[in-house]
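Report on the structure
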Amino acid sequence: MTALLLDDVSHTFGARTALDHLTLSVAPGQVTALIGLNGAGKTTALRALAGRLRPTRGTVRVLGHNPADLPSNVAMRFGHVVETPLVYPELTVAENLRCAAGLHGLPTRAARQTASAAVGQMGLDPWRLARAGTLSMGNRQRLGIACATLHGPTALILDEPTSALDPQGVVLVRELVRGLADVGAAVLVSSHHLDEVARIADEIVVLHAGCDVGRLEPGGTDLEQRFFAMVLDADTRAATDTNAQTPGGRA
Ligand SMILES: Nc1ncnc2c1ncn2[C@@H]1O[C@H](COP(=O)(O)OP(=O)(O)OP(=O)(O)O)[C@@H](O)[C@H]1O
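Throughout this document, residue positions are counted from 1 along each chain, in the order its sequence is written. Totals for whole chains, interfaces and linings use every residue, but because this is a predicted model, local features are given only for residues with pLDDT of at least 70 and side-chain atom pairs only at 80 or more, for both listing and counting. As a convention, hydrogens and water are excluded, and side-chain values are obtained from all of the structure's heavy atoms.

**Some thoughts on the pairing of strand 8 (residues 203-208)**
- Only protein chains enter the accessibility calculation, which uses a 1.4 Å probe; a residue whose area is less than 20% of its type maximum is buried, one above 50% is exposed, and one in between is partly exposed. Secondary structure is summarised from DSSP: a helix means a run of H or I of at least four residues, a strand means a run of E of at least two, and numbering begins at the N terminus for each. Across the six residues that make up strand 8, a large majority, five, are buried.
- At least two DSSP bridges between two strands are required for those strands to pair. Note: strand 3 (residues 31-35) against strand 8, four bridges, orientation parallel. Note that in strand 8 the partner of Thr 32 across the bridge is Glu 203.
- In the sheet, strand 8 pairs with strand 9 (residues 211-216) via five bridges, with the strands oriented antiparallel. Within strand 9, the position partnered with Ile 204 by the bridge is Leu 216.
- In textbook terms, the turn of a hairpin is the stretch between consecutive antiparallel strands, and for strand 8 and strand 9 this stretch comprises two residues, one of which, Ala 209, has a positive phi near 50°.

Rendered as structure tokens:
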């Protein structure tokens, strides 16, 4: 069974191709990492899954449904942080978490308990009563992740979740993601950091110029070297194809 699916998805912004026939699926209990250079298409893929972008072609499914039109009982089981964390700047950390728990269908008492547990889990105790708008970038990122995960989603997408985090925050997110996958969540996470995703992912998909150009074994050695070899190989193939199609080209 597939919880998160991109099936032959392409997307163009004007003349620029952001995704090129990308097919990707994540099963329950699986953590898949999307890794790629700046501009590879990672955020575009995650935005399509979050229902924020309707791709030019292809099929996108979250828990079997079109993310642009998720039934509310399915939306309750979905969590995502794509681009900016969705937090209310004028509310405190504790209020944001209670609000997120309520929006995910938890009754008031359970929402309060869950919010309190999430404060501790993400190391936000010292900022519990601070307004979200006054938080540092890293603490805002911790709060956004906590808001998206405190209901125990069965499908989760995280766009560069550790980009602003200190080493302690990186470990907390790693434990959170693995913990959710261990109880059956399907997780898709994008990152630039190969060594970090190698610690949490079951599968690493290399995205380059919008295409899936190969997979890396998380337990493998020389991941960085193999990543660059894949990217270089894809560029060489693209240049050869272009050359073959150019009138007067060498092929
Ligand atoms: N709203 C937009 N309008 C025009 N082009 C866009 C838009 N969003 C993304 N792009 C282009 O689509 C391509 C893929 O961008 P995307 O943000 O998905 O890459 P990324 O892999 O997430 O990059 P990064 O690692 O830098 O965050 C890039 O060439 C980018 O310039």
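Structure shown, so let's carry the discussion forward.
**Remarks on the UniProt feature "domain: ABC transporter" (unreviewed entry) in the protein**
- Per the UniProt entry, the sites bearing "domain: ABC transporter" (unreviewed entry) are residues 4-234 in this numbering.
- Taken end to end, residues 4-234 has its terminal C-alpha atoms 26 Å apart, with 37% of it in helix and 26% in strand. UniProt positions are given in the numbering used here, feature names are shortened, and annotations may be inferred rather than shown by experiment.

**Considerations on helix 8 (residues 223-245)**
- Here the expected length of a helix is defined as 1.5 Å per residue gap, with one fewer gap than residues. Here helix 8 contains 23 residues, and its C-alpha end-to-end distance of 33 Å stays within 8% of the 33 Å for a straight helix at 1.5 Å per residue.
- Among the residues of helix 8, Leu 223, Phe 227, Met 230, Val 231 and Ala 234 are the ones counted as buried.

**Re the state of the cysteines**
- Counting rule for disulfides: a pair of cysteine sulfur atoms within 2.5 Å. All told, the structure shown has zero disulfides when counted by the stated rule.
- There is no disulfide at Cys 99, and the cysteine sulfur nearest it, in Cys 147, is 7.9 Å away.
- Here Cys 99 falls in the partly exposed class, since its relative accessible area comes to 26%.

**Thoughts on the packing of aromatic side chains**
- Pairing of aromatic side chains requires ring centres within 6.5 Å, counting the rings of Phe and Tyr and the six-membered ring of Trp. Pairs whose planes differ by under 30 degrees are stacked, by over 60 edge-to-face, and all others tilted. Evaluated as defined, the whole model comprises one aromatic pair.
- Taken together, a centroid distance of 5.2 Å and an interplanar angle of 70° make the contact between Phe 227 and Phe 228 edge-to-face.

**Notes on helix 1 (residues 42-49)**
- With respect to burial, helix 1 is a largely interior element, six of its eight residues being buried.
- Lys 42, Thr 44, Ala 45, Leu 46, Ala 48 and Leu 49 are the residues of helix 1 that are buried.
- Gly 51 lies just past helix 1 and shows a positive phi near 80°.

**Section: the site of the ligand**
- Being near a molecule or strand, for a residue, means having at least one of its heavy atoms within 4 Å of it. The immediate surroundings of the ligand are formed by 13 residues, with Gly 39, Lys 42, Thr 43, Thr 44 and His 192 found nearest.
- In this structure, an oxygen atom belonging to the ligand sits 2.9 Å away from a side-chain N or O atom of Asn 38.
- The method behind every accessible area is Shrake-Rupley, applied with a 1.4 Å probe, and residues are considered shielded solely by the protein chains displayed. Burial of the ligand by the protein amounts to 64% of the accessible area it has alone, namely 640 Å².
- Secondary-structure elements contributing two or more residues to the shell around the ligand are strand 2 (16-26) and helix 1.
- Counting residues per element, the shell around the ligand draws most heavily on helix 1, which supplies three residues.
- Residue polarity is assigned by list, with Asp, Glu, Lys and Arg as charged and Ala, Val, Leu, Ile, Met, Phe, Trp, Tyr, Cys and Pro as nonpolar; anything else, Gly included, falls into the polar class. Class assignment of the residues belonging to the shell around the ligand gives a composition of four nonpolar, six polar and three charged. Polar contacts, as used here, are pairs of N or O atoms within 3.5 Å; protein pairs need one atom able to donate a hydrogen and one able to accept it. Residues neighboring in sequence count only if both atoms are side-chain atoms.

**A look at the domain arrangement of the protein**
- Taken domain by domain, the protein holds domain 1 (1-77 + 155-251) and domain 2 (83-152).
- Between domain 1 and domain 2, the C-alpha centre-to-centre distance is 26 Å.
- The criterion used for residue contact is that any of the two residues' heavy atoms lie within 4.5 Å. Of the residues lining the interface, 21 residues belong to domain 1; the matching set on domain 2 comes to 17 residues.
- Put simply, buried area is how much 1.4 Å-probe accessible surface two parts lose in total, over both of them, once they are put together. Both sides of the domain 1 and domain 2 interface together cover about 1500 Å² of buried area, and 60% of this is carbon and sulfur.
- Whenever Lys or Arg places a side-chain nitrogen within 4 Å of a carboxyl oxygen from Asp or Glu, that contact is recorded as a salt bridge. Counting across the domain 1 and domain 2 interface gives three salt bridges. Domain borders in the structure are assigned automatically or taken from a domain database.

**What to know about the environment of His 208**
- Topologically, His 208 is positioned in strand 8.
- Residues His 208 and Leu 19, spaced 189 residues apart in sequence, show a C-alpha to C-alpha distance of 9.1 Å.
- What His 208 contacts, discounting residues up to four positions off in sequence, is Leu 37, Ala 40, Val 213, Val 231, Ala 234 and Asp 235.
- Looking at His 208, its side chain comes within polar contact range of the side chain of Asp 235, at 2.8 Å.

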